[in-house]
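Each chain is listed here by its residues.
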Amino acid sequence: MNTDGRWCYIVLWVVARPGRAMRWDLLKNRLVELCPVTAPFGFDSADLAAAGLQDVAPAASQVFLLKFFCYDRLGLLHDVTRVLCELELTIRRVKVSTTPDGRVLDLFFITDARELLHTKSRREETYDKLQSVLGDSLTSCEIDSATEEMCSCLQSSASLPPSVVEQMFNIELVEEQSRSRGSLSVAMDNSLSSVHTLIQIQCGDHKGLVYDIMRTLKDHNIQISYGRFYASRNGSCEVDLFAVQSDGKKILDQHKQRALCSRLRMELQRPLRVALVKRGPDTELLVANPVEVSGKGRPLVFYDITLALKKLRKRIFLAEIGRHVVDDREWEVYRVQLGEDHELSSSLRGKIVDGVTNMLMGWE
């Protein structure tokens, strides 16, 4: 990874995960869409400004409400989530409920990476894909533009019990639980470069590792000029990043260094929090991930949760995504009520937590 402050050059050697069908065309399209400037090389600042491509904030994507009724079955929610992912439809919020007669009402608040969901052809494509997966169990399906009132109602969610907050977000408890997850080293060095601070990280590999490092540095206004990342076959990773602050200067303040190293260690040890709790007579799975300062949540969390539960042959009775502020930090919390009609044993509860955690971390 290399940048001169204007252009960024990145080379990633990647391999598809075993047993997963890889959509290379979809990956390429997503990467192209994420590039802040799509103009060819050779354009200077004057050319970009004249073309309206410089310092222009991307417009917020329009939110749509996908609503459908169908009959419940094992793995239903994951199959729907997979279709939406393949269609490049991003799930912003979701509310799922199951009626006593075995029917499911699903409300997905989604945005379209292609920005075409307002067209008839794009909606018909979505209907057809869902019909092919749900078959005759689908009784109705609608897509409408989401109003501000709908979005505001959706953002309201039940508060988390104090015991759950203590279990999932207590810093000392999280650090104690994380010590058994392998060695992790984060260090800074200002002696090797006259203009950059070297951030060196040695840790175990997990899915989204580069994302967790970069979102943490982004939230702290740290800019990367050069970088190297290496993941070995035994699951260990080495990362070297030459970085500067937003003012272009090295990170010399000792307090800032300690705070950044501490936050990086925390985010790499426990980037997600998973717990299984009792909610009255029901069992509820909770998964929490930090929200970026930009307001973005972690990608594909709901996809992995539903896939893990499908593999564990666990039905989903209710599901919702909400946001909660804990100790001045915003978290995106996925609440999934399992369709269990009996008390789960401690071994089975551990199996569910481990199964979901391993899926989210790429350790399955």
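The numbering scheme is per chain: residues are counted from 1 as the chain's sequence reads. Under the rules for a predicted model, residues below a pLDDT of 70 receive no local features and side-chain atom pairs below 80 are neither given nor counted, while totals for whole chains, interfaces and linings still include all residues. Side-chain metrics in this entry use all non-hydrogen atoms of the structure; hydrogen atoms and water are not considered.

Under an unreviewed UniProt entry, the name given to the protein is ACT domain-containing protein ACR, and the organism recorded is Zizania palustris. UniProt positions are given in the numbering used here, feature names are shortened, and annotations may be inferred rather than shown by experiment. The Function (unreviewed entry) comment attached to the protein in UniProt states, word for word, "Binds amino acids."

1. Observations regarding empty space enclosed by the protein
Rolling a probe over the atoms, with the probe sized like a water molecule, indicates the empty space that remains. Every definition here rests on a 1 Å grid over the protein atoms only: cavities are sets of points where a 1.4 Å probe fits but cannot get out, pockets are open sets enclosed by protein on both sides within 12 Å along at least five of seven lines, and lining residues have some atom within 4 Å of a point. Grid points are joined across faces, edges and corners, and a volume is the space filled by probe spheres set on the points. A complete count under the given rule lists one cavity of 30 Å³ or more for this structure. If you trace the largest cavity, you find 16 residues lining it, with R73, G75, L76, L77 and I316 closest to the centre. Any residue outside Ala, Val, Leu, Ile, Met, Phe, Trp, Tyr, Cys, Pro, Asp, Glu, Lys and Arg is labelled polar, Gly included; the first ten of those are nonpolar and the last four are charged. When grouped by side-chain class, the residues that make up the lining of the largest cavity number seven nonpolar, three polar and six charged.

2. So, unusual backbone geometry
Not every positive phi belongs to a glycine, and E115 is a case in point at roughly 55°. Mapped onto the fold, E115 is located in the loop between β5 (103–112) and α4 (120–134). What makes E115 partly exposed here is its relative accessible area of 42%. Of note, the phi angle at R313 is positive, near 60°, even though the residue is not glycine. Along the chain, R313 turns up in the loop between α10 (301–311) and β13 (316–326). Every helix listed is a DSSP run of H or I at least four residues long, and every strand listed is a run of E at least two residues long, numbered separately from the N terminus. For each residue, the accessible area found with a 1.4 Å probe, counting protein chains only, is set against the maximum for its type, and the residue is called buried under 20%, exposed over 50%, and partly exposed in between.

3. A few points about the packing of aromatic side chains
Here the aromatic set is Phe, Tyr and Trp, taking the six-membered ring for Trp, and pairing holds for ring centres within 6.5 Å; pairs whose planes are under 30 degrees apart are stacked, those over 60 apart are edge-to-face, and all others are tilted. Taken as a whole and assessed by the stated rule, the structure comprises three aromatic pairs. Residues F68 and F108 carry aromatic rings whose centres are separated by 6.1 Å and whose planes lie at 10° to one another, so their mutual orientation is stacked. Note that F68 is positioned in strand β3 (residues 64–71) and F108 in strand β5, a separation of 40 residues in sequence. For F68, a relative accessible area of 0% gives the class buried. A residue is classified by how much of its surface remains accessible, and F108, at 0% relative accessible area, is buried.

4. Description of the confidence of the model for the protein
Keep in mind that low pLDDT regions are not for reading the predicted coordinates in detail. Values of pLDDT, which run from 0 to 100, indicate the predictor's confidence residue by residue. Per-residue pLDDT for the protein averages 86, and the proportion of residues at 70 or more is 87%. Ranking the elements of the protein by mean pLDDT puts helix α2 (residues 45–50) last with 52 and strand β7 (residues 185–189) first with 97. When checking whether two residues touch, look at their non-hydrogen atoms; a contact exists if any pair is within 4.5 Å. Every residue in residues 39–43 scores below 50 in pLDDT, and together they form nine contacts with partners more than four places removed in sequence or on other chains. Predicted confidence is poor over residues 53–57, with pLDDT under 50, and the contacts of this stretch with residues over four places away or in other chains come to six contacts.

5. Quick look at the environment of Y230
Looking at the element boundaries, Y230 is found in strand β9 (residues 222–231). The spatial distance from the C-alpha of Y230 to the C-alpha of D205 is 9.9 Å, given a sequence separation of 25 residues. Setting aside residues up to four positions removed in sequence, Y230 forms contacts with S236, C237 and E238.

6. Focus: the side chain of T111
As for its placement among the helices and strands, T111 is situated in strand β5. We classify T111 as buried; its relative accessible area is 3%. Side chain to side chain, T111 and R92 meet in a polar contact 3.2 Å long. Definition of a polar contact: a pair of N or O atoms within 3.5 Å, with one able to donate and the other able to accept a hydrogen when the atoms are protein atoms, and with sequence-neighbouring residues admitted only if both atoms are side-chain atoms.

7. Description of the packing of helix α3 (residues 76–86) against α10
Axis lines are fitted to C-alpha atoms, over the contacting stretch for helices. Their N-to-C directions set the angle, which ranges from 0 to 180 degrees. The geometry of α3 relative to α10 is characterised by a closest axis approach of 8 Å and an angle of 145° between their N-to-C directions. Every pair of crossing elements has a handedness; the one defined by α3 and α10 is left-handed. Contacts between α3 and α10 involve L77, H78, D79, T81, R82 and C85 from the first element and F302, Y303, T306, L307 and K310 from the second. Residue composition of the contact of α3 with α10, grouped by class: five nonpolar, three polar and three charged. Note: crossing handedness is left-handed where the near helix turns anticlockwise from the far helix by less than a right angle, and right-handed where it turns clockwise.

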